[in-house]
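# Observations on chain architecture
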Amino acid sequence: MLENFFQPDSVAVIGASRDPEKLGFAVLNNLKEGGYEGRLYPINPKAEEILGLKAYESVLDIEDPVGLAIIVVPSKIVPHVLRECGEKGISAVVIITAGFREAGREGLERERELLDIAKEYDLRVIGPNCLGVIDTDTPLNATFAAGMPPSGPIAFMSQSGALGTAVLDIAMAGRIGFSKFVSLGNKADVSETDLLKAWGEDPSSRVILIYVEGLPDGQEFMRVARDVTRNKPVVAIKSGVTKSGSRAVSSHTGSLAGSEEAYVAAFKQAGVTRAGSMEQVFDYALGFAYQPLLRGNRVGIVTNAGGPGILATDAVERAGLEIPRLSGETVQALKEYLPGAASAANPVDVLGDALADRYEHAIKLVLDDSNVDSVIVIVTPQAMTEIESTAHVVGQLSQESDKPVLACFMGESRIDAGIRILREYDVPNYPFPERVAPALAAMESYRREKDRPVFEPEPCEVCQPPVRELFSQVREQGRVSIGDAEAREVLEAYGFPVPESYLAETPEEAVEMAERIGYPVVLKIASPDILHKTDVGGVKLNVNSPGDVRDAFDLIVYRASRYVPDARVWGCLVQEMVREGREILVGMNRDPQFGPLVAFGLGGIYVEALRDVAFRIAPFSQEEAREMIGEIRSYPLLAGVRGESPADHEAMVDALMRVSQLVTDFPEIVELDINPLTVFDEGQGAVAIDMRLVLESESS
Amino acid sequence: MKALYVTSIEPFSGKTAVCLALGRRFRREGYKVGYFKPLSTQPWEPAPGRALDEDADFVRRTLELEESTEELTGVLLTPSLAREMRCGCADRDLMAEVKPAYEKARAGKEIMLVEGGSSLREGLSLGLDPRSVTEALDLSALAIIRYRNRINQGDDCIAAYQHLYDHLVGTMINAVPRSELKLSLKICTPCLEQQDIRVLGTIPFQEELQAISVGELADVLKAEFLARKDKADVLIERFVVGAMGVDQALPRIRRVPGAKALITGGDRSDMQLVALQTATRCLILTGNLRPMPEVIRRGEEIGVPILLVRQNTLETVEQIEQVFGKTRLGQETKLEAFEALFAEHFDFERLYGLMELS
């Protein structure tokens, strides 16, 4: 799958040129200079020979089979040459040419034409409007970028070609090495998901980096990423997360940027490491690519300076990692070796006058300590510091150890020689402690994700037919909203405990029902058009007598017709008054890219004022449901504060699982809110008090 | 010859629709049907210097009448006539002009449908109010009451009765929300009947009839079709304005049921793409800003017409508000929907009996 993009036996450059100013020259030249060893065919009807290679009028004139074609001809004739590629039986084509979807209506039509041709001949296309493809193992440089990056274990894909050129330039400065590099351009055919799938099985890529603007096939991406991240880390940066950024994505690419909450949830569930900045992308990538996987979250620090050591300690703890106490033996051994003024506790301070040998002893002892899972080595360039020898020491110890060693050689002019040496040993260096800690944290959270049991949805016992019937009734009436009165049928069918309640059309009926339930009761307006009942004064709690029931009925119906004059009012729902508990909200919004995005938070003001909500994409596992509950900031309120008993966790997990199943079973539900779900103390369950949902309106 | 005068208490109650539905029914039953509108208060100018009544013209075309629109109209209240008549102090007797026109229009017809005033007061200062017309031309009147609530239904029916007395053959309550239909029939109808006010029909509200077609919208907004002009007949029942962030937009759009159109800036690609993922039937792009080609392409593909207008979003909404719910049953589908509703909820036998039709 996609092999011919990276290890083709032969490459045709359609639109190869003799003019060094042209892309067609740059691409062919890069292939040659990059050391490509297969056959190269320049295609140019006006040339006999280009760069010493025999030129052909068309790919159809080549006798041998062709593995990969690179197209750099003007956009108008791209469809024609693509068709020729199809006829030639070429299965992989990179279209570098711009002037398609990004260039207006006509370009869009032309891009669609390319896609049709690709389908017809069963060939895959990267681009159009892209920088090209690089594989440093083959080696193959089919781009018009300036030069070839050093090889390394990092695979990088980017929707943006320009960002790609900048990244390649960084690589060429020697900071990072790539196994593969692809600029996806307009993504007419091959998408992030396709490459992810292919690179997941690529032995020369240890980590995959993705720059994402939008993922139209979000659910498929999640499915693939879930598999890939079991074997290797995937680091993604998502742009267009702010309101303005999201609009920029839409007007830049003509696709939706998608909601930030959905991306957070999707990446988390798929085990994708999310970087917040390009800097982090590379900070994380270096750790993943060059160091062994972490086995735990305990970080040892060895430093020759107190201040940076404390900064690192803060940064490590802030990143959610632990600064463990070193074992007695380690401390003892350190004390014996280090000068009296040094600190033998973590962070270990070897003092400013430490030479390479002191570092060596200290690092070795800390690395060997079973309380430590990784080590950060901080070096500041002090008068006596042996920068280069220390770098060699760090490098050698890192290679001998199966624990990650990350360096923090701080400075620029003097320290640079040390950093170069570290690179030779594959030890990533971070200029400041605040950058090394998040990189370790990313490695740690990947470790946890990787170890997570394989996801399997666990079905709950539910009853679909009544729900299906209700939905079709609602749709027949031309409605999309389902309020409390009807929604309880859905809840009951899906096994949610609901309070006893009945619909009353008249005050007399309401009294009758209140007597049946027993006082006190709650009266709520029953109308398919009023979803926010309290906003119109449509709820009355604690109604205690027949007279009060009658009054409440009249008042509520009057208010409803006054504040929502067009609303259809069915009457009032008379409901059992549920005892107090902790009120939470479980909701769902169907995301256009990822599907059902389920929300969990404390009910009422917490949701609206603090936006304290955790999200997951359904279907999810019980474990993920449990994580959601623990993720909200106000979780301590559920766990119980000051001797309060904890809320019933199992009941909350159960509710989340039932919602997950409901919205998976019925894709027509586009919005759902259970607010509140009243949760009682541990072991006492929960009751869904109120629910509303919105169905997708049917298109004509 | 039999004649029925169709009047209402307020404008946009459905008079023309009732004339059309009755007219088509009578025709199907083999009657020679005629139409006449004694007073046209808002003549429309299809060509410079030529004033016509728009309703009359529409009825003429729909019922395929042979007469010219001018022949179907009594008096056209042009600005000059309005000046001449002042507030009822002029000597000119307009009824004397209406009568011969009516005589001419009904010649050779078996049933005449006479479309009356939009209110019981209309034409009082001209001497052409519903009561004067029914008396002068000796017509039986059917009053169309647009439902607001049960009290107003009673008020309007009693007002019609007090104005028209013996000439009032019956009333028809129009556009009753389905949720109130039962109570209207159970409580109001018997009570009105007790007061000798016949309720011949109680017609439920149907959203589709309020709808406006994409073509009509394009006319009103002077819009350019960017995609699917062939879908000009698509009916729009509701409008959503997309002026918020795209995250809030999706739930807003989804909560609107039925046939909806999105009004948003031409530069809001995010909003347009989101709307195209929902069951939105039309995009109205404002500010004369052309959208991304993807948007047009997607519209073409899934059959969603896209209109481009010069106005900004607010002006567009205001213009739509002015015409919404006031358009004629221009599409055959809308007329047929009304006819079906009318046939189900109107007591024709009783009307025929009252009009002494066999």
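Basis of the calculations
Residues numbered from 1 in each chain as written. Chains lettered and ligands numbered in written order. Predicted model: local features only at pLDDT ≥ 70, side-chain atom pairs only at ≥ 80, totals over all residues. Heavy atoms only, no water. Helix = DSSP H or I, 4+ residues; strand = E, 2+ residues; numbered from the N terminus. Rg over C-alpha atoms; globule rule 2.2 N^0.38 Å. Buried < 20%, exposed > 50% of the residue type's maximum accessible area, 1.4 Å probe, protein only. Contact = heavy atoms within 4.5 Å. Areas by Shrake-Rupley, 256 points an atom, 1.4 Å probe, with all protein chains shown as cover. Lys, Arg positive; Asp, Glu negative; His and termini not counted. Charge placed at Lys NZ, Arg CZ, Asp CG, Glu CD. Domains from an automatic or database assignment. Buried area = accessible area lost by both parts, 1.4 Å probe. Salt bridge = Lys/Arg side-chain N within 4 Å of Asp/Glu carboxyl O. Pairing = 2+ DSSP bridges. Axes fitted to C-alpha atoms, helices over the stretch in contact; angles between N-to-C directions. Parallel < 35°, antiparallel > 145°, perpendicular 65-115°, else oblique. Nonpolar A, V, L, I, M, F, W, Y, C, P; charged D, E, K, R; others polar. Right-handed = clockwise from strand over helix to strand, strands pointing away. Expected span 1.5 Å × (residues − 1). Polar contact = N/O pair within 3.5 Å; in protein donor to acceptor, adjacent residues only side chain to side chain. Phe/Tyr/Trp six-rings, centres within 6.5 Å; stacked < 30°, edge-to-face > 60°.

The subject of this paragraph is the overall build of chain B. Each helix and strand counted, chain B has 15 helices and 16 strands in total. At 23 Å, chain B has a C-alpha radius of gyration in line with the 21 Å of a compact globule built from 358 residues. Overall, chain B is about 65 × 50 × 40 Å in size when its C-alpha atoms are taken along their principal axes. Within chain B, the fraction of its 358 residues that count as buried is 56%. For chain B, contacts bridging at least 24 residues in sequence account for 70% of all contacts bridging at least 6. When the accessible area of chain B is evaluated, it comes to approximately 15,500 Å², of which 47% is carbon and sulfur surface. With 46 positive and 53 negative side-chain charges, chain B shows a spacing of 4 Å between the two charge centroids.

So, on to the domain arrangement of chain B. Residue and element names in this part refer to chain B. Examined at the domain level, chain B breaks down into domain 1 (2-208 + 328-355) and domain 2 (212-323). One C-alpha centre belongs to domain 1, the other to domain 2; they are set 35 Å apart. Each partner contributes to the roughly 550 Å² buried at the junction of domain 1 and domain 2, and carbon and sulfur atoms together form 43% of this total. Three residues, Glu207, Glu208 and Gln331, lead the burial of domain 1 against domain 2; their summed loss comes to 75% of the area buried on that side. Taken together, domain 1 and domain 2 are joined by one salt bridge. Residues Glu207 and Arg238 are paired through a salt bridge, measuring 2.9 Å at the closest nitrogen-oxygen approach.

Let us look at the sheet that holds strand β8 (residues 132-135) of chain A. Backbone hydrogen bonds hold the strands of a sheet together, and the pairing may be parallel or antiparallel. All names here are of chain A. Across the sheet, which stays open at both edges, the seven strands sit in the order β9-β8-β11-β10-β12-β13-β14 with mixed pairing between neighbours. Each having just a single partner strand, β9 (140-143) and β14 (273-275) make up the two edges of the open sheet. Each strand axis lies, on average, 20° off the axis of its neighbour in the sheet, ignoring direction. Strands in contact with helix α9 (residues 260-270) are β12 (207-212), β13 (234-238) and β14; relative to β14, the strand with the most contacts, it is inclined by about 140°.

A few words on the sheet that holds strand β7 (residues 140-146) of chain B. Residues and elements named next belong to chain B. Across the sheet, which stays open at both edges, the seven strands sit in the order β5-β2-β6-β1-β7-β8-β9 with parallel pairing between neighbours. Whereas interior strands pair on both sides, the edge strands pair on one side only; in this sheet they are β5 (73-76) and β9 (199-204). Averaged over all adjacent pairs, the angle separating strand axes in this sheet is 20°, with direction ignored. The strands that helix α2 (residues 54-62) touches are β2 (33-40), β5 and β6 (111-115); relative to β2, the one it contacts most, it runs at about 170°. In this fold helix α14 (residues 332-345) packs onto β8 (168-176) and β9, with an angle of close to 135° to the strand it touches most, β9.

All names here are of chain A. At a minimum axis separation of 9 Å, helix α3 (residues 78-88) and helix α4 (residues 105-121) run at an interaxial angle of 5°. As judged from the angle between their axes, α3 and α4 are roughly parallel. Contacts between α3 and α4 involve Val78, Pro79, Leu82, Arg83, Gly86 and Glu87 from the former and Arg110, Glu113, Leu114, Ile117, Ala118, Glu120 and Tyr121 from the latter. Residue composition of the contact of α3 with α4, grouped by class: seven nonpolar, one polar and five charged.

All names here are of chain B. Burial analysis of strand β15 (residues 280-286) places six of its seven residues in the buried class, the great majority of the element. Note that strand β14 (residues 260-265) and β15 share six bridges and pair parallel. The residue bridging Ile263 from the neighbouring strand is Ile284, located in β15. Assessed by its sense of winding, the connection that carries the chain from β14 through helix α11 (residues 269-276) to β15 is right-handed. For β15 and strand β16 (residues 306-308), the ladder comprises three bridges, and the chain directions are parallel. By the bridge assignment for β16, Ile284 is matched with Leu307.

Residues and elements named next belong to chain A. Between its terminal C-alpha atoms helix α11 (residues 306-318) stretches 18 Å, which fits the 18 Å expected from 13 residues at 1.5 Å a residue. When we look at burial in α11, the residues that qualify are Pro308, Gly309, Ala312, Thr313, Ala315 and Val316. Where α11 is buried, its residues contact β15 (299-303), β17 (374-379) and α16 (433-451). Trailing α11 by a residue or two, Gly320 shows a phi angle of about 90°, which is positive.

What follows deals with the domain arrangement of chain A. Per the domain assignment, the segments of chain A are domain 1 (3-205), domain 2 (294-445), domain 3 (464-576) and domain 4 (582-695). Each of domain 2 of chain A and domain 3 of chain A has a C-alpha centre, and the two are 65 Å apart.

What follows deals with the environment of Val480 of chain A. With respect to the helices and strands, Val480 of chain A occurs in the loop between α17 (465-476) and β19 (481-482). Expressed as a C-alpha distance, the spacing of Val480 of chain A and Val694 of chain A, which sit 214 residues apart in the sequence, is 5.4 Å. For Val480 of chain A, the residues in contact, after removing those within four places along its chain, are Val474, Leu693, Val694, Leu695 and Ser697 of chain A together with Arg254, Arg255, Val256 and Pro257 of chain B.

Below, the discussion takes up the interface of chain B and chain A. Counting from both sides, the interface comprises 31 residues of chain B and, opposite them, 36 residues of chain A. Buried area between chain B and chain A, summed over both chains or domains, comes out near 2,600 Å², and the portion from carbon and sulfur atoms is 52%. Of all residues in chain B, Arg254, Arg255 and Arg297 of chain B bury the most surface against chain A, accounting for 25% of the area lost on that side. There are five salt bridges connecting chain B and chain A. For Glu109 of chain A, the salt bridge goes to Arg297 of chain B, with nearest N and O atoms at 2.3 Å. Applying the counting rule to chain B against chain A returns seven residue pairs in polar contact (both at pLDDT 80 or more). The set of elements that each furnish at least two residues to the side of chain B that touches chain A consists of α7 (178-194), α10 (246-255), α11 and α12 (293-302) of chain B. In terms of residue class, the side of chain B that touches chain A is built from 12 nonpolar, six polar and 13 charged.

This part is about unusual backbone geometry. All names here are of chain A. Following Tyr519, the chain continues to Pro520 via a peptide bond in cis, the omega torsion being -5°. Along the chain, Pro520 turns up in the loop between α19 (507-517) and β21 (521-526). In this structure, the amide linkage connecting Asn675 to the following residue, Pro676, adopts the cis form with an omega of 0°. Structurally, the position occupied by Pro676 is in strand β27 (residues 669-679). You will see that Asp426, though not glycine, has its phi angle at about 65°, which is positive. With respect to the element layout, Asp426 can be found in the loop between α15 (416-424) and α16. The backbone of Asn542 shows a phi angle near 55°, a positive value even though the residue is not glycine. By the element assignment, Asn542 lies in strand β22 (residues 539-543). Among the residues examined, Asn542 registers a relative accessible area of 45% and is labelled partly exposed.

Turning our eyes to something else, we now look at the pattern of salt bridges. Following the criterion strictly, the structure yields 68 salt bridges over all chains and no others. Put simply, Arg298 of chain A and Asp373 of chain A hold a salt bridge, and the shortest N to O gap is 2.9 Å. Here Asp373 of chain A lies in the loop between α13 (356-368) and β17 and Arg298 of chain A lies in the loop between α10 (278-290) and β15, a separation of 75 residues in the sequence. Glu301 of chain B serves as the salt-bridge partner of Arg297 of chain B, at 3.5 Å between the closest nitrogen and oxygen. With a gap of four residues between them, Arg297 of chain B and Glu301 of chain B both fall in helix α12, about one helical turn apart. Look at Glu301 of chain B and you get partly exposed, because its relative accessible area is 38%.

The subject of this paragraph is the packing of helix α8 (residues 243-253) of chain A against α11 of chain B. Where α8 of chain A contacts α11 of chain B, the axes come no closer than 8 Å and their chain directions differ by 75°. Comparing the axis directions of α8 of chain A and α11 of chain B gives the class roughly perpendicular. Contacts between α8 of chain A and α11 of chain B involve Arg247, Ser250 and Ser251 of chain A on the former and, on the latter, Ser269, Asp270 and Leu273 of chain B.

Right, let's get into the packing of aromatic side chains. Aromatic rings in a pair are described by how distant their centres are and how their planes are angled relative to each other. Residue and element names in this part refer to chain A. Evaluation of the coordinates by the stated rule reveals 21 aromatic pairs over all chains. Their ring planes at 80° and their centres at 5.5 Å tell us that Tyr41 and Tyr56 sit as a pair that is edge-to-face. Highlighted residues: Tyr41 in strand β2 (residues 39-43) and Tyr56 in the loop between β4 (53-54) and β5 (68-71), separated in sequence by 15 residues. With respect to class, Tyr41 is no different from Tyr56; both count as buried.

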